[in-house]
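So the chains spell out like this:
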Amino acid sequence: MINFFTDPFLRAPTIGAMLMCFASGVVGVLVFVQRRSLLGETLSHATYPGVTLAVVAAAFLGLDEWLPLFILSGALLSALLGLLVMHFLKLRLKVREDSALCLVLAAFFGVGVTIASGVQFTHTAQFLKIQAYLYGQVATMTDIHIAIYGGLSLLIVAMVFLFYKELQSLFFDRPFTTSRGIASWGIDTLFCVIVALALVIGIRSVGVVLMSAMLIAPAASARQYTNRLSLMFLFAGFFGLISGFFGSYLSVVLSEVFPGRSFATGPMIVLVASTITLLSLAFAPKKGLAIRYFRIASFRFNRLQENILKAIWRHEKEKISLGELAECQGRSRQYIKLVLFRLMARGWIKSSSANLYTLTPEGHQQGGRIIRLHRLWEVYLVNYIGVGSERVHKNAEEIEHILSPELEKKLTRLLDNPERDPHNQPIPQSEGHVS
Amino acid sequence: MYLNPYSNTHFFSFFGILLQRLLAFCSGQLPFAELASDEVQILVLIGVALSSALVGSFLVLRKMTMLANALSHTILLGIVVVYLLFHELFHLRAFFIASLVTGILTTFLTEFLTKVIRLQEDASIGLVFTSLFATGILLINLFFPNTHIGIELVMGNVDALQKNDLLLVYTTLGMNVLAFTLFFKEFKLTTFDRALSSSLGLSPTLYNYFLMVLTSATAISAFRSVGVFMVLAFFVVPVLIARLFTHTLSTLIYLSMGIGGLSALVGVALSRHIFTIFQVGLSTGGIVVCTLLLFYLIAIPFALKRRVATSALYRAVK
């Protein structure tokens, strides 16, 4: 893998793709936070006529050595034109946002296709150059490209860095920004230029068709790990970087495994990036779906443990059997057995004879604590909120699993350590004994 | 092999010959089998335009056009998978399965990301269609070496159209017309008043899925002639033009169908005209899109004038 950075033929494509994807990852955050991800989709398609015109113009003027510059400026201009058209549609013709996006996307792309088809059979070399921009092609990049694209990527990152405060304040509070004297239209223009620039750079490696993914996927992954904007930029840039590397790596390796077929870089980079996003959506700490479900499941399991502890605590005089527990909790015997096993492992209960269970002293204290929380809460509801004592049980049944020791202390102090609950049941003291 | 009667014709003589041949066809002198390739193109593109305008009216009004954009990407995966399973594209069964699966899968995945994973909606749409499209391209690269399908998908290729395509396109049109005639009231209600329709027991979500399936069927029927992306212009532009002139749903639908059909006709004639004069074979799908844009550009000044007049009238009344 290391030779991807040293090999003279692989070096430029690899580093180029990484830099481009880094820039689009960073810029993607700007779009993502504003919830305007589909803007990237439209603008990337809107660059297509610019690319085709630039290639054709460079061929007619005989300036093929300036082709990268032609393409960059052509694509940028046509993306900006697309923005202007959208602006006009929305403001003057009252076209809705989504229709305007869709219209600019399809119309610009259609114009691009028409121009491209014009040179399809007459200038095949040019046609192939244009088509390389559809799905991305980094293989033909040389060290000069690294300089151009790397320089532009750094420019974008520098712009984001320099105008960080302005950009940040704009996302979160528009009136506040205006009141601070930052011209709203100025930042809007800056934002659009940065996005267009990132797209124009990125289409070389990812392609017009899939470019929007490189704005969305890294930002969406980054969002899973942090709530802070500055960290989001870092994470998104990092995810872009590694997608760029593994994407171009895959495209080279697959072309070697299946000789005679060309694997465009764009789809590979996008597949890597969206795999990262899917994994992040599922398994990110705190926000991942699987983690969230695990938390919910473990909370339920804990609640059942505590309920069983309570049940045994209440029937401490006569020993309680597995069947009775399963019945009063409404669960299967297997599941209850699992919970009891866990409680035994924690040393809170012991089975005295076949399927009959009693509390250990430690378990007695734990069970008492839960009963105490339950009854304290009932007192609180009746005395301080004025809920009728016949209606407090259900709520207390829920809250007893949530109250923390600190809250328990505060409740005790507030209620002056009561000894009886509203149903005249004794409240166990902190050590778990009924006084 | 007979000669294409339209070779070397200019814009207006194209319509002359078309009219002549139409008359000959109606009087029974011209058998259906002798349909010239230009006529196949016209018929296919008109069919696509009519279907698209019909579906597009509701897409625009329901603000779902970017979902249609997502579908236009994901049908690639549907087409590839169904082709791998059935090894044919013209089979109606394969076609129906592809549109059903793509329509439902795209909508379902997007809703899953939005509602269960709680990703914001724009990002969910973007994430789903780009990854499915990339998967489709990967499958193409793996199973169909040395084909330019990737490029043809995007550009469309009217010259490769056959009479089989007519069957597909007009089945789709028939399906769309049938669906919107039978369920017009339901679509109208779920579009304009979701609350009322829910309280009457009509689920807006169900009709969303229905519309998405119709959209994906239309996009699939169009992909051979205009490619997967330009069909979006067929969905949106005629409706937006019609929207400038009317506020009535049924008028909107008829008007946009008319505009779509007309631009398909003009587009094919223009394509032939350009080929005759410059000897350059432009993508006919692209030309139809350009024609649609031209129509829009012509219509805008009228609409703006009308708007100024209305607001002046409004001020005077006030």
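These numbers were taken from a predicted model, which means no experiment stands behind them. (Residues numbered from 1 in each chain as written. Chains lettered and ligands numbered in written order. Predicted model: local features only at pLDDT ≥ 70, side-chain atom pairs only at ≥ 80, totals over all residues. Heavy atoms only, no water.)

Turning to the overall build of chain A, a few remarks are in order. The helix and strand inventory of chain A stands at 19 helices and three strands. Expected size for 435 residues packed as a compact globule is a radius of gyration near 22 Å; at 32 Å, chain A overshoots this value by more than 25%. Its C-alpha atoms give chain A principal-axis dimensions of roughly 100 × 60 × 35 Å. When each of the 435 residues of chain A is scored for burial, the buried share is 51%. (Helix = DSSP H or I, 4+ residues; strand = E, 2+ residues; numbered from the N terminus. Rg over C-alpha atoms; globule rule 2.2 N^0.38 Å. Buried < 20%, exposed > 50% of the residue type's maximum accessible area, 1.4 Å probe, protein only.)

Positive phi values are uncommon outside glycine, yet R35 of chain A reaches one of about 55°. Among the secondary structure elements, R35 of chain A is positioned in the loop between α2 (8-33) and α3 (37-61). For Q279 of chain B, which is not glycine, the phi torsion reads 60° and is therefore positive. In this structure, Q279 of chain B sits in the loop between α11 (249-278) and α12 (284-317).

Tallying the contact residues gives 58 residues for chain B and 59 residues for chain A. Taken over both partners, the interface formed by chain B and chain A buries close to 4900 Å², and the fraction arising from carbon and sulfur atoms is 74%. For the interface between chain B and chain A, the tally reads zero salt bridges. Linking chain B with chain A are 11 residue pairs in polar contact (both at pLDDT 80 or more), by the criterion used here. Those elements that place two or more of their residues in the side of chain B that touches chain A are α2 (37-61), α3 (65-86), α4 (92-115), α5 (121-143), α6 (149-155), α10 (204-245) and α12 of chain B. If one sorts the elements of the side of chain B that touches chain A by residue count, α5 of chain B sits on top with 16 residues. (Contact = heavy atoms within 4.5 Å. Buried area = accessible area lost by both parts, 1.4 Å probe. Salt bridge = Lys/Arg side-chain N within 4 Å of Asp/Glu carboxyl O. Polar contact = N/O pair within 3.5 Å; in protein donor to acceptor, adjacent residues only side chain to side chain.)

Many analyses report the size of an interface as the accessible area lost when the parts associate. The domains assigned to chain A are domain 1 (3-287) and domain 2 (291-359). Averaged C-alpha coordinates put domain 1 of chain A and domain 2 of chain A at centres separated by 56 Å. (Domains from an automatic or database assignment.)

Our next topic: a nonpolar patch on the surface. The grouping of I97, L100, V101, I104, L105, F108 and F112 of chain B at the surface amounts to a nonpolar patch, some 570 Å² of accessible area in total. The partly exposed category is assigned to F108 of chain B, whose relative accessible area is 45%. (Patch = residues over 30% accessible without salt bridge, like charges linked within 9 Å, V, L, I, M, F, W, Y side chains within 5 Å. Areas by Shrake-Rupley, 256 points an atom, 1.4 Å probe, with all protein chains shown as cover.)

Counting residues in hydrophobic clusters, the biggest one holds 201 residues, and the most contacted among them are I194 of chain A together with Y296 of chain B. Setting aside chain neighbours within four positions, we find I194 of chain A in contact with V27, L30, I156, M159, V160 and L167 of chain A. Core analysis: the second largest hydrophobic core is formed by 20 residues, A311, W313, W348 and I371 of chain A among them. (Core = buried A, V, L, I, M, F, W, Y, C linked by side-chain atoms within 4.5 Å.)

All names here are of chain A. Enumeration over the complete set of coordinates arrives at 11 salt bridges over all chains. Here E397 ties to K310 by a salt bridge, and the two come within 3.2 Å at their closest N and O atoms. Within this pair, whereas E397 is found in helix α18 (residues 393-399), its partner K310 is found in helix α14 (residues 289-314), the two being separated by 87 residues in sequence. On the basis of relative accessible area, E397 is assigned to the partly exposed category, the value being 28%. Residue class for K310 comes out buried when judged on its relative accessible area of 2%. Within this structure, K310, E397 and E400 form a network of salt bridges that share partners.

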